[in-house]
Every structure is written in structure tokens, then in C-alpha cells.
Amino acid sequence: MDIIGTILWPIKWVVELILVAFHWLLTNVGLDAAAGLTWVLSIVGLTVVVRAALIPIFVRQIKNQRRMLEVAPQLKKIQDKYKGKKDQFSREAMSRETMELYKKTGTNPLSSCLPLLLQMPIFFSLFQVLNGAQSGKAGVGPLNEQLAQQFGSASLFGIAPLHQSFQGALNAHPQQVAVMVIAATMVVLMTGSQFLTQLQIVSKNMSPETKASPQFKQQRILLYLLPFVFLFSGFAFPLGVMFYWLTSNIWTMGQQFLVIRNMPTPGSDAAKAREARLARKGKLVNEEGAVVLTVNESTAEAPKKTTQRVQPVNKNRAKKQSGK
């Protein structure tokens, strides 16, 4: 029994439903049903729907990551407390204190991986759907044989089959240069967007305490290591899957930018920049509920004394004014 296939079956059915729905919509607005651009836009629409559905989980991930960053110094104290102690009692005590800290602060180290874990079945389902469609094989749901054959023969710009990968184009006879150029460009864009997304976090959204912790050093290593993983693995994916991946990366980068700008980690450079923006607009409120003003606004200048020139007055006029 194919356990993985059974688990992915309902996901593949939903993936096909969304994909076919966007294809139907784009076809009805005038695009060619068999064109590669129509299927690419359908994949982009599928990506947007999937990522929008994951927004609540992403918000929970951001909140949990923030709590994890805040408790990082406390975790380090616990680790330093039992550093070098390898006996069973010390290990149990360190584990118990760590779990108590997680419970007290409401943190969960696994929840930060939840959005990625939820996306992986969708990614594999899309991979299987597109791989099946490239041979004209009907899917498990709305992707019938006719639509599968349309996708299997669809080419972007008429020169790059969506089912083809860089590796497949390289091994083809003759070699499909157009596919290799488009695939290589997309791999670079995918890798660059992934790097920029992580760079936003490391450079702007970490407090000084976190930057001094061992976790920060690990994240710095991953910042430069993960792009190479995507760089090499991306050459094996079909163009259709790569469009899903690239759109998802761009969504993540934009989403991360908005989160860092509006919900930065306390004490980070992004938080200081946000406080400065709010102060300039007169919208920054301190813990006591008072509005914090900028330096120019809070130190109002005292009104300057002005001297007015006195017109000369003759003796008769002066007597009349004094008489009044």
C-alpha cells in the first residue's frame, strides 16, 4: 500500500482543483487554453491561494520566533549552568528547566517549522501533479486527461516546455538551450530571494542579546549555506514547479518585509527604525500611555522678543497722547 500516496491524495485533489479553476478563469478572459503562459499564471494563482491560506500560521510562527529570541539569553544561562556536566541527573535537570522555561514563556521550538512542514506536502503534491501531467496522465481529481495533455504540450514563449528541467534539457538531444537559460535564471532568482529573506531577519530583526547567542552564529551559517542547497537542487525541478517555488519565495520576502517593518523584534534595528517613524508622526506611545514626540517637537522654542520701530512724534501730538 502506498502510504505517502494515500496521504497526498486529498492534497493533490485540492491542488488540481485550484489549478484547474485558475486555468478555467484565465481561459474565459481570453487566454489560450494550451499556452504555457496560461498554465504559468494558473500556477502563480495556486501559489497565492496556498500562501494566503497559511497567513494565520505564519503570524503564529512570527510570534513564537519572537518569544524564542527573547528567551535565548535565558536558555544560554541554563546551558552554561550545566556546561561540562554529562551525568544523567544533570541532563535531566537541564531538560526539566528548559521545558519549564518554554512552558512559562509560552514558546514552542517546533512551531517555527510548522509553515514549512505544511508547505512540503503541497510542494510534493504539485510536483507529482505536474510530473503526471507532462505525460498526459490524468490526475486524481479535476485535472482530466484533456487538461493534462494540454499541460504536457504547453511551452513558455513557445520554446520552453513547462515539464522540462535544466537537467533534462541538458541531457536532451539536441540540448534545449532556451529551457536551460530560463531554468538557470529562475534558479538564480529563487536563490537570491531566499538569501534576501533571511538577510532581512539577520541584519535588521534581531536584538543585541540574540546576536550574542550561539543561535545567531548558527543562523549566520544557514544564511550562506541554504542558498547553495536551493542552487543545486533547483536544477532538477521542472519549470512548472520552479514557478511555484519562485512565486512562493517572492511572497515570503514581501511578507517578511511587512512583518519586520510593522512587527519588529523588540530591541532590534528594525524596532528602533519603527519607533523613529512613529515618533516623527506623533504616534509613538510609551509604556505609560503618553505620546512620545521627536526632539524638535518636545523642545518647543520660547517665543522670541520682537522690537518694533517707534515713529517720531512732535510735541503737540505727544501732549495729546499723554492727555488721553
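Above this text sits the structure in question.
Residue numbers here run from 1 along each chain, matching the order of that chain's written sequence. Local features in this predicted model are restricted to residues whose pLDDT is 70 or higher, and side-chain atom pairs enter the listing and the counts only when it is 80 or higher, whereas totals over whole chains, interfaces and linings include all residues. Side-chain descriptors were evaluated using all non-hydrogen atoms of the structure, hydrogens and water having been removed beforehand.

A. Expanded view of the side chain of Ser193. By the criteria applied, helices consist of DSSP H or I runs no shorter than four residues and strands consist of E runs no shorter than two, each listed in order from the N terminus. Position of Ser193 relative to the elements: it lies in helix H8 (residues 177-204). Look at Ser193 and you get buried, because its relative accessible area is 6%. When checking whether two residues touch, look at their non-hydrogen atoms; a contact exists if any pair is within 4.5 Å. Beyond its immediate stretch of four places on either side in the chain, Ser193 contacts Asn249 and Met253. Note on exposure labels: buried denotes an accessible area under 20% of the residue type's maximum, exposed denotes more than 50%, and partly exposed covers the range between, all computed with a 1.4 Å probe on protein chains only.

B. Local environment of the environment of Ala52. With respect to the secondary-structure elements, Ala52 resides in helix H2 (residues 36-53). You can call Ala52 partly exposed: its relative accessible area is 35%. Separated by 199 residues in sequence, Ala52 and Trp251 have C-alpha atoms that sit 9.4 Å apart.

C. Layout of the packing of helix H1 (residues 3-28) against H2. Helix axes are fitted to C-alpha atoms over the stretch in contact, other axes to C-alpha atoms as well, and angles between N-to-C directions run from 0 to 180 degrees. Here H1 crosses H2 at 130°, and the two axes come no closer than 8 Å. In this view, H1 runs oblique relative to H2, as classed from their interaxial angle. When you trace H1 past H2, the crossing you get is right-handed. Packed against H1, whose contacting residues are Val15, Ile18, Leu19, Phe22, His23, Leu26 and Thr27, the element H2 presents Thr38, Trp39, Leu41, Ser42, Ile43, Gly45, Leu46 and Val49 at the interface. Of the residues in the contact of H1 with H2, the class split is ten nonpolar, five polar and no charged. With respect to orientation, any angle under 35 degrees is reported as roughly parallel, any angle over 145 as roughly antiparallel, any angle of 65 to 115 as roughly perpendicular, and every other angle as oblique. A crossing counts as left-handed when the near helix is turned anticlockwise from the far one by less than a right angle, and as right-handed when that turn is clockwise. We call Asp, Glu, Lys and Arg charged. Ala, Val, Leu, Ile, Met, Phe, Trp, Tyr, Cys and Pro are nonpolar, and the rest, Gly among them, are polar.

D. Inspection of the packing of H8 against helix H11 (residues 239-262) at higher detail. The geometry of H8 relative to H11 is characterised by a closest axis approach of 9 Å and an angle of 20° between their N-to-C directions. The angle between H8 and H11 falls in the class roughly parallel. Viewed along their axes, H8 and H11 form a crossing whose handedness is left-handed. Across the contact of H8 with H11, the residue classes tally to 17 nonpolar, seven polar and one charged.

E. Local environment of helix H12 (residues 269-280). A helix is expected to span 1.5 Å for every residue after the first. Across its twelve residues, H12 extends 17 Å between first and last C-alpha, which sits within 8% of the 16 Å expected from 1.5 Å per residue. Among all positions in H12, only Ala270, Ala271, Arg277, Leu278 and Ala279 are buried. Downstream of H12 by one or two residues, Gly282 has phi in the positive range, about 70°.

F. Layout of the environment of Asn108. For Asn108, the location among the structural elements is in the loop between helix H4 (88-105) and helix H5 (114-134). A relative accessible area of 36% means that Asn108 is categorised as partly exposed. The contacts of Asn108, once residues within four sequence positions are left out, are Asn64 and Met68.

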